[in-house]
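A structural walkthrough
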Amino acid sequence: MTVYGTRPEAIKIAPVVSALRGDPRFDLVVISTGQHREMLEQVNARFGIKPDYDLALMKPGQSLNELVWRALEGLDALITKEKPDIIISQGDTSTAMAAALAGFNRGVRVVHLEAGLRTQDISSPFPEEANRRIIGQVASLHLAPTNVSLENLRRESFPAEDIVVTGNTVIDALLAASTWDVSFEDPRLEELRRNDKRVVLLTTHRRENLNAMKEIGGAIQDLAKTYPNCVFTLPLHLNPRVREAVLPEVEDNSNVIITDPLPYDQFTALMARSYLVLTDSGGIQEEAPSLGKPVLVMRENTERPEAIVAGTVKLVGTDRKRIVEEARTLLDDKRAYEVMANAVNPYGDGKASSRVIAAIAELVGVGRRMPQFEP
Ligand code: UD1
Ligand code: UDP
């Protein structure tokens, strides 16, 4: 049973769902909690995934507790009905935490995909750092994307034999996306294919950043005014709290393009067309280095240090002046830019979903693990 509910989980679980579907050793039940709606449907449609069950949990303004108890209630009924041997939970969302707990409480073995990410700060990202620790406590198999995440788990005394380094399935998805023919629905984005203007791609949505989003919006506005020949693209998350904070600060004009969330194929094509990425997203920190795009992460910390070590990602926090200064360095200083603009793949090699399936097959006694991921 695979369970997911938000956009990034859907993207990262899609290669695993495809691989399981084609494998006669497994019967698959795909469950969407529907924590997201439009943003999830975009991914399902692109990857051709139709969940067997959809709990349709999204409700504007619901609390984290309401979301979690409704997920537990819905998932418990489905676990009781379908009686899975294994539940696969991806990442660190409320959906992922509820799926792991619901499985554990019913005696089902839990497999944690993208295990072992840590900031070591329980309040940031909120509530994700707590969610992933809780999932770790109840999981039988920890599928760590990198050696850094393996080491985090080993420090917390999880047995070595329960951990497999697989690489991150996000790179499998990105490689699939790179083979698709893409056209942009928004003519302003399509136009970017016909010119050579420098494009800065921005996203923001983190809960712990909600108070800082005015600053982030202000930084976008400052940069857009300073660089009239650059194009600043902002595919904006549907969370109304994000929109209320950011939109009044930024003017949608010829060099600022604000859009709704883009379908995954269009988003990755835009990332590939970009010069520079500013974000507080987790998944984008993993994808952009693979495309050789420097990333400024608008957060105080990150659970993804690998690309920082590789030199393509830098943490810049959420202060308006600091964001502007750091972006200016990369836009003005070609050498500083080139130092960061290297394609590196610390997160995966496109075979993560094969390693995931092999590790699960070994857990249930129908196969053997593959050699672990080494960047
Ligand atoms: C959630 C995850 C976060 C992940 C992010 C990916 C939790 C606690 N948070 O945060 O870890 O990084 O997804 O994007 O699990 N909305 C829509 N349509 C959609 C999606 C969202 O209208 O398709 C609006 C709704 O008003 C919803 C709100 O956005 O209530 C917030 O969604 P929610 O899933 O609670 O939190 P995210 O900030 O998206
Ligand atoms: N993404 C997308 N459309 C967008 C913005 C992002 O398809 O408009 C993809 C992006 O390529 C990445 C994922 O969504 O794979 C990241 O999701 P998000 O930033 O919402 O969540 P996080 O990764 O921070 O949990």
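Whatever comes next refers back to the structure up there.
What counts, and where the lines are drawn
Residues numbered from 1 in each chain as written. Chains lettered and ligands numbered in written order. Predicted model: local features only at pLDDT ≥ 70, side-chain atom pairs only at ≥ 80, totals over all residues. Heavy atoms only, no water. 1 Å grid on protein atoms, 1.4 Å probe; cavity = no way out; pocket = protein on both sides within 12 Å on 5 of 7 lines; lining within 4 Å. Points joined across faces, edges and corners; volume = space filled by probe spheres on them. Near = heavy atom within 4 Å. Polar contact = N/O pair within 3.5 Å; in protein donor to acceptor, adjacent residues only side chain to side chain. Helix = DSSP H or I, 4+ residues; strand = E, 2+ residues; numbered from the N terminus. Nonpolar A, V, L, I, M, F, W, Y, C, P; charged D, E, K, R; others polar. Pairing = 2+ DSSP bridges. Axes fitted to C-alpha atoms, helices over the stretch in contact; angles between N-to-C directions. Contact = heavy atoms within 4.5 Å. Patch = residues over 30% accessible without salt bridge, like charges linked within 9 Å, V, L, I, M, F, W, Y side chains within 5 Å. Areas by Shrake-Rupley, 256 points an atom, 1.4 Å probe, with all protein chains shown as cover. Salt bridge = Lys/Arg side-chain N within 4 Å of Asp/Glu carboxyl O. Lys, Arg positive; Asp, Glu negative; His and termini not counted. Charge placed at Lys NZ, Arg CZ, Asp CG, Glu CD. Core = buried A, V, L, I, M, F, W, Y, C linked by side-chain atoms within 4.5 Å. Buried < 20%, exposed > 50% of the residue type's maximum accessible area, 1.4 Å probe, protein only. Phe/Tyr/Trp six-rings, centres within 6.5 Å; stacked < 30°, edge-to-face > 60°. Lys NZ or Arg CZ within 6 Å of the ring centre and 35° of its normal.

1. Focus on empty space enclosed by the protein
Scanning all chains against the criterion turns up two cavities of 30 Å³ or more. Taken as a whole, the largest cavity spans an internal volume of roughly 50 Å³. Lining the largest cavity are Gln90, Leu113, Glu114, Leu143, Pro145, Thr166, Gly167, Asn168 and Thr169. Considered as a void within the structure, the second largest cavity measures approximately 30 Å³ in volume.

2. Remarks on the site of ligand 2
In the vicinity of ligand 2, 15 residues are found, and the nearest of them are Leu262, Ser281, Gly282, Gly283 and Glu287. Contact between ligand 2 and glutamate 287: an oxygen atom at 2.6 Å from a side-chain N or O atom of the residue. Mapped onto the shell around ligand 2, the elements with two or more residues apiece are α1 (7-21), α11 (264-273) and α12 (283-290). Among the residues forming the shell around ligand 2, the class breakdown is eight nonpolar, four polar and three charged.

3. A closer look at the sheet that holds strand β10 (residues 256-259)
Pairing is parallel in the open sheet, where six strands are placed in the order β10-β9-β8-β11-β12-β13. Since the sheet does not close on itself, it has two edges, and those belong to β10 and β13 (313-315), each with one partner. For this sheet the average axis-to-axis angle between neighbouring strands, irrespective of direction, equals 20°. One ladder, built from three bridges, connects strand β11 (residues 276-279) with strand β12 (residues 295-297); its direction is parallel. From the neighbouring strand, threonine 279 faces β12, where its bridge partner is valine 297. α11 rests against β8 (199-203), β9 (231-235) and β11 of the sheet, and its axis sits at about 135° to β8.

4. A short note on a negative patch on the surface
Taken together, the side chains of Glu215, Glu300, Asp319 and Glu325 make up a negatively charged region of the molecular surface. Along the chain, glutamate 325 turns up in helix α14 (residues 320-332).

5. Comments concerning the nonpolar core
Within the largest apolar cluster, 55 residues are counted, with the highest numbers of intra-cluster contacts made by Phe47, Ile88, Leu143, Tyr264 and Leu270. In terms of residue count, the dominant contributor to this core is α1 (seven residues). With near-sequence residues (within four places) excluded, leucine 143 lies in contact with Val111, His112, Leu113, Glu114, Ala115, Val164, Thr166, Val356 and Ala359.

6. Focus on the packing of aromatic side chains
The relation between two aromatic rings is expressed through the spacing of the ring centres and the mutual angle of the planes. Evaluated as defined, the whole model comprises four aromatic pairs. Relative to tryptophan 180, the ring of phenylalanine 47 lies with its centre 5.4 Å away and its plane at 70°, an arrangement referred to as edge-to-face. Highlighted residues: phenylalanine 47 in helix α2 (residues 38-47) and tryptophan 180 in the loop between α7 (169-177) and α8 (187-191), separated in sequence by 133 residues. With a relative accessible area of 17%, phenylalanine 47 lands in the buried category. Centre to centre, the rings of phenylalanine 47 and tyrosine 264 are 5.7 Å apart; their planes meet at 35°, and the pair counts as tilted. Here phenylalanine 47, found in helix α2, pairs with tyrosine 264, found in helix α11; they are 217 residues apart in sequence, far enough to count as distant. Considered together, phenylalanine 47 and tyrosine 264 belong to a single accessibility category, that of buried residues. Counting every residue linked through ring pairs, the aromatic cluster contains Phe47, Trp180 and Tyr264. We note arginine 46 situated over the ring of tryptophan 180; from NZ or CZ to the ring centre the distance is 3.7 Å.

The values are spatial; any link to function lies outside them.
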